[in-house]
Amino acid sequence: MNKDIATPKRTKEILEKHGFSFKKSLGQNFLIDPNVLENIVSHANLTEKVGVIEIGPGIGALTEHIARQAGKVVAYEIDGRLLPVLEDTLSPYDNVKVIHQDVLEAELETMIQEEFAEYEEIVVVANLPYYVTTPIIMKFLLERVPITGMIIMMQKEVADRITASPSTKAYGSLSIAIQYYMDATVAMIVPKTVFMPQPNVESAVLKLTRKEHLPAEVKDEDFLFKVSKGSFVQRRKTIFNNLQTSLPNGKAKKELLIAALEAAGVDPKRRGETLTIEEFAHLSNALYDDFSGE
Ligand code: SAM
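Residues numbered from 1 in each chain as written. Predicted model: local features only at pLDDT ≥ 70, side-chain atom pairs only at ≥ 80, totals over all residues. Heavy atoms only, no water.

Enquirer: Any chance you could explain the site of the ligand here in plain terms?
Expert: Close to the ligand lie 23 residues; L31, G56, E77, N127 and Y131 are nearest. Note that an oxygen atom of the ligand is positioned 2.9 Å from one of the side-chain N or O atoms of Q28. Look at the ligand: alone it shows 600 Å² of surface, and the protein chains cover 99% of it. Placement of the ligand is best described as lying within the largest pocket. Secondary structure elements with two or more residues in the shell around the ligand: β1 (30–31) and β3 (72–77). Of the residues that constitute the shell around the ligand, the class distribution is 12 nonpolar, seven polar and four charged. (Near = heavy atom within 4 Å. Polar contact = N/O pair within 3.5 Å; in protein donor to acceptor, adjacent residues only side chain to side chain. Areas by Shrake-Rupley, 256 points an atom, 1.4 Å probe, with all protein chains shown as cover. 1 Å grid on protein atoms, 1.4 Å probe; cavity = no way out; pocket = protein on both sides within 12 Å on 5 of 7 lines; lining within 4 Å. Sits in = over half its atoms within 2 Å of the grid points. Helix = DSSP H or I, 4+ residues; strand = E, 2+ residues; numbered from the N terminus. Nonpolar A, V, L, I, M, F, W, Y, C, P; charged D, E, K, R; others polar.)

Written out as structure tokens, the structure reads:
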């Protein structure tokens, strides 16, 4: 087996060899502990039949652990300075393709047709750049990218919000947007010390698995997320008060708003944080005809 990229000594050597300096603005905190990497990859249950999409390979620390177990890895890296580094560090692996692009701009559907046609399953495995964690996850979910799951490192605080249950402090529109599509659990907590440079926050690895059935049918998913977002604008206020100010013409159409809450079986005096995803789904359907237009 090749020498691991992710030891403190080898990482330093690679960075020095290529004269690389970290860009904080790109969320560059590289993993330097092979045990943590092994652990992350073990949660993905990789085999030769699985294709992996990685976001932000950095100098290839996680990429090589994925490449040893998966059929193929396609990794999106935004920082052009890392391309020659990756060419060097990942040269022992012929099942890795690095694409120099912002993943948020990527045509994932086309890439999947071109790169993963022969694979039984596609998963995302990544140590995400923390400044764009949520947009990246939501891109995969909203574009209905045909992945079965995601094993992703992020700020622990964000992982807690994603996995939160109703009536807890961390529960909010992010919990609803992600749990609508995926089952979410925290697979491991990761200390700052396994990164170079160390981030200011604690990290966690989140495991997202696609739900077999959506929790409820909604008329319009974007509208569901608008309603849930609008219900948490001021957490201490009632759902009625929040929706009155956040929905278009909410104040003018007070009676219609009350009628929709009643039709969905939601007491207007409840707080948004007490509603389950199913209740938000029923509520967004009841509001749709009168409130989805501007
Ligand atoms: N995977 C490496 C590791 O674990 O050591 C590096 C992870 S580091 C937290 C995040 C990586 O994502 C960096 O290499 C950064 O340049 C890259 N990145 C940041 N924003 C990106 C974007 N929008 N699209 C693709 N890559 C991005």
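From this point, the discussion proceeds with the structure in view.
Enquirer: Just to check I follow, could you spell out the pairing of strand β6 (residues 149–155) for this structure?
Expert: The two faces of the sheet receive side chains in turn, since in a regular strand these alternate between them. For β6, the buried fraction is high: seven of the seven residues fall into the buried class. In terms of strand pairing, strand β5 (residues 121–127) meets β6 through five bridges, oriented parallel. Opposite V123, over in β6, you have G149 as the bridge partner. Remark: the β5/helix α6 (residues 133–142)/β6 crossover connection has right-handed handedness. (Buried < 20%, exposed > 50% of the residue type's maximum accessible area, 1.4 Å probe, protein only. Pairing = 2+ DSSP bridges. Right-handed = clockwise from strand over helix to strand, strands pointing away.)

Enquirer: Would you explain the layout of surface pockets in this entry?
Expert: Taking a probe equal in size to a water molecule and rolling it over the atoms shows the remaining empty space. Looking at the largest pocket, its volume works out to about 390 Å³. If you go around the largest pocket, you meet 31 residues; those closest to its centre are I55, G56, E77, N127 and P129. Only β1, β2 (50–55), α3 (61–69) and β3 provide two or more residues apiece to the lining of the largest pocket. When its residues are assigned to classes, the lining of the largest pocket shows 20 nonpolar, eight polar and three charged. Its volume calculated, the second largest pocket comes out at about 260 Å³. Surrounding the second largest pocket, 14 residues form its lining, K24, G27, N29, P199 and N200 being those nearest its centre. Class assignment for the residues of the lining of the second largest pocket results in six nonpolar, six polar and two charged. (Points joined across faces, edges and corners; volume = space filled by probe spheres on them.)

Enquirer: Even after reading the chapter, I still don't get the nonpolar core, so can you show me in this structure?
Expert: Inside soluble globular proteins, nonpolar side chains tend to come together where they are buried. Membership of the largest hydrophobic core comes to 66 residues, with the highest contact counts inside it found for I53, I137, F140, I152, I162, L208 and L287. Both domain 1 (8–210) and domain 2 (221–291) contribute no fewer than three residues apiece to this core. Filtering out sequence-adjacent residues up to four positions away, L287 remains in contact with F223, V227, L243, L247, L257, A260 and S292. Judged by nonpolar contacts, the second largest core, of 40 residues, contains V41, A44, V50 and L62. (Core = buried A, V, L, I, M, F, W, Y, C linked by side-chain atoms within 4.5 Å. Domains from an automatic or database assignment. Contact = heavy atoms within 4.5 Å.)

Enquirer: I keep staring at the packing of helix α11 (residues 254–263) against helix α12 (residues 277–291) and nothing clicks. Help me out?
Expert: Any two packed helices are characterised by how steeply their axes cross, that is the angle between the axes, and by the distance between the axes. Running from N to C, α11 and α12 point in directions that differ by 155°, and their axes come no closer than 8 Å. In terms of orientation, α11 and α12 fall into the roughly antiparallel class. In this structure, the crossing between α11 and α12 has a hand that is right-handed. Seen from α11, the contacting residues are L256, L257, A260, L261 and A263; seen from α12, they are L283, A286, L287, D290 and F291. A class-by-class count of the residues in the contact of α11 with α12 yields nine nonpolar, no polar and one charged. (Axes fitted to C-alpha atoms, helices over the stretch in contact; angles between N-to-C directions. Parallel < 35°, antiparallel > 145°, perpendicular 65-115°, else oblique. Left-handed = near helix turned anticlockwise from the far one by under 90°.)

On their own, these measurements won't tell you what the molecule is for.
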